[in-house]
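Working through the structure, step by step
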Amino acid sequence: MLQTSDQIWLEQVISKMTTKMDRVSEKSRHKIPYTTVNGTHDNRIVDNPLGIVSNGINWWTNGFWGGMMWLMYHQTGDETYKEIANYSEDALDECFRQYYGLHHDVGFMWLPTSVANYKVTGNQESRKRAMHAANLLAGRFNLAGGFIRAWNESESGGRDTRGWAIVDCMMNLPLLYWATEETGDPRFKQIAMKHADTCMNAFIRPDGSVNHIVEFDPFHGGVVKTYGGQGYEEGSSWTRGQTWALYGFILSYMHTQKEEYLHAAKRVAHYFMANIPENGIIPIDFRQPKEPEYEDSTAAAIAACGLIELAKIVGQHEKDFYMNAALKLLKTLDNSRCDWTTDSDCILTHGSAAYHHPERHTAIIYGDYYFMEAIFKLKGNDLFLW
C-alpha cells in the first residue's frame with residue numbers, strides 16, 4: 001500500500017522511536033506519565049496536582065504508557081517493555097480500591113494494559129481486571145437516554161451531569177465489545193451499540209462535525225442541550241472530539257459490522273480531511289479564531305490511526321484517499337512536532353487538552369501513544385489493542 005519513499009520514511013521513524021523509547025522507558029519504568037515537565041515525565045502514581053481523587057492514579061490517561069510498552073514489546077521482543085507494562089498495570093489496581101474516582105474512561109485505562117496483557121500472554125489476572133472494568137463501564141448506562149454517563153459528581157464542579165454523555169466515550173466501547181467477545185454475554189455489546197446509536201444520532205451534525213458534550217434527560221431520554229466542552233464554544237468543532245468519533249465509529253463497525261457505523265465514520269472523516277490546513281497542523285478547534293494559532297498535535301495522531309483503519313476497510317478505489325491524509329498528518333508530526341532528541345522524555349510536542357485550558361502546546365502521553373500506534377499500523381504488524 002505504501003510507496004517506496006514512504007516505506008523508507010517509515011523505517012526511519014521506527015528507528016528513531018526505538019532508539020528514544022529504549023532510553024525513556026528505562027528512565028520512566030516506575031512511573032505512569034501524563035505530561036513532560038522540563039524534559040522529564042511526571043508520575044500519576046504519586047502526583048495529584050489538582051488535589052482531586054481522579055487526577056492521580058485514577059487519571060483517565062493512565063493506560064497509555066502501559067499501552068506504549070506493549071506496542072514496543074510487540075515490535076522489539078524486548079522483555080524490559082513487558083516488565084514495565086506489568087508494573088503500570090499493577091499500579092492501576094489502586095483505582096479499584098478507591099472506586100469513587102473511576103469514570104467513563106475505564107476503557108482507555110484497561111484496554112491498553114489488562115486487555116493487552118491478556119491478549120499477549122493469556123494472563124488470567126489481567127482478564128479479571130479487564131472484566132471488572134467492563135462491568136463498571138456497563139453500570140454507567142442510562143436506559144432512558146440510551147447513553148453511558150460521563151463523569152461523576154466529584155468531577156462536575158457542582159453541575160448536574162447525570163444526563164451528560166461525551167463523544168470521547170466512543171473509544172471506551174471496545175472494552176464492552178471485548179467483554180462480549182470474551183464471555184459470550186451479549187449485554188456488554190448491546191450496551192455499547194445502544195450508546196453508539198445514540199451518539200450517531202445526537203452527536204454527529206449533518207456536515208460531519210460533532211458535538212463534544214450532549215445533555216440528555218436522565219429520567220425520560222431526549223436531548224436537552226449541547227455544550228462546547230473542550231472546544232472553542234458551543235456549536236464549534238473541537239478537533240480531538242472529531243477524532244474520537246472518527247476512530248470510535250470505525251472501531252464499532254469493526255466489532256459489529258453495522259454499516260451505519262462505517263457511514264458515520266466516513267462522514268466525520270470527510271469533514272476532518274476537508275478541514276486539514278495546507279501545512280498539516282491541526283488546530284484545537286476547526287472553528288476557532290485564526291489568532292492565536294492554537295493547535296493540538298494529539299488530534300492529528302488520533303485521526304491518523306482512524307484513517308489508516310478506514311483505508312483497510314474500504315474498497316480499493318478509496319484506500320489512497322484515506323491513507324494519503326493519514327500520511328500527511330504523520331509526516332507533518334515527524335517533521336515539525338516530534339522531539340527525537342535525548343533532552344526530553346516525550347515524543348510529540350504541541351498537544352493541547354482543551355482550547356480554554358491554560359496549558360497548551362505541551363506534551364501529552366496519549367499523543368505519543370497514538371503516534372506510535374499509527375506508525376506501527378503503517379508497518380502492518382501492529383498489536384491491535386482496541
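Attention in this report is confined to the structure presented alongside it. Remember, it's a predicted structure, so these values are computed and weren't measured experimentally.

Observations concerning the overall build of the chain
Each helix and strand in the chain was counted, giving 13 helices and 7 strands. The C-alpha radius of gyration computed for the chain amounts to 19 Å, which stays within 12% of the reference 21 Å derived for 386 residues, consistent with globular compactness. Taking the principal axes of its C-alpha atoms as reference, the chain extends roughly 55 × 45 × 40 Å. Within the chain, the proportion of its 386 residues that are buried is 62%.

Section: the environment of proline 289
By secondary structure assignment, the location of proline 289 is in the loop between α10 (259–274) and α11 (297–313). Taking relative accessible area as the criterion, proline 289 reaches 28% and is therefore assigned partly exposed. Each C-alpha atom of the pair proline 289 and tyrosine 232 lies 8.6 Å from the other, and the pair is 57 residues apart in sequence. Excluding its chain neighbours within four sequence positions, the residues that come into contact with proline 289 are Tyr232 and Tyr355.

What about the nonpolar core?
In this structure, Phe249, Tyr370 and Phe371 are the most contacted members of the largest nonpolar core, which totals 130 residues. Here this core gets 11 residues from one element, more than from any other, and that element is α11. When residues no more than four places from it in sequence are discounted, the contact partners of phenylalanine 249 are Met170, Ala196, Cys199, Met200, Ile204, Tyr261, Ala264 and Ala265.

Some thoughts on the pairing of strand β6 (residues 213–216)
Within a regular strand, side chains alternate between the sheet's two faces. Burial along β6 is two-sided: Ile213 and Glu215 facing one way and Val214 and Phe216 facing the other are all buried. Alignment of β6 against strand β7 (residues 223–227), held across 4 bridges, turns out to be antiparallel. Note on β7: the bridge partner recorded for valine 214 is threonine 226. In textbook terms, the turn of a hairpin is the stretch between consecutive antiparallel strands, and for β6 and β7 this stretch comprises 6 residues, one of which, glycine 221, has a positive phi near 80 degrees.

Comments concerning the pattern of salt bridges
On inspection of all chains with the given rule, the structure shows 28 salt bridges. The closest approach of N and O atoms between glutamate 125 and lysine 128, which form a salt bridge, is 3.3 Å. Placement of both glutamate 125 and lysine 128 in helix α6 (residues 124–138) is noted, with a separation of 3 residues, approximately one turn of the helix. Residue glutamate 125 is classed as partly exposed on the basis of its relative accessible area, which comes to 37%. Taken together, the salt bridges that share partners define one network made up of Glu309, Lys312, Glu373, Lys377 and Asp382.

Parameters and conventions
- Residues numbered from 1 in each chain as written.
- Predicted model: local features only at pLDDT ≥ 70, side-chain atom pairs only at ≥ 80, totals over all residues.
- Heavy atoms only, no water.
- Helix = DSSP H or I, 4+ residues; strand = E, 2+ residues; numbered from the N terminus.
- Rg over C-alpha atoms; globule rule 2.2 N^0.38 Å.
- Buried < 20%, exposed > 50% of the residue type's maximum accessible area, 1.4 Å probe, protein only.
- Contact = heavy atoms within 4.5 Å.
- Core = buried A, V, L, I, M, F, W, Y, C linked by side-chain atoms within 4.5 Å.
- Pairing = 2+ DSSP bridges.
- Salt bridge = Lys/Arg side-chain N within 4 Å of Asp/Glu carboxyl O.

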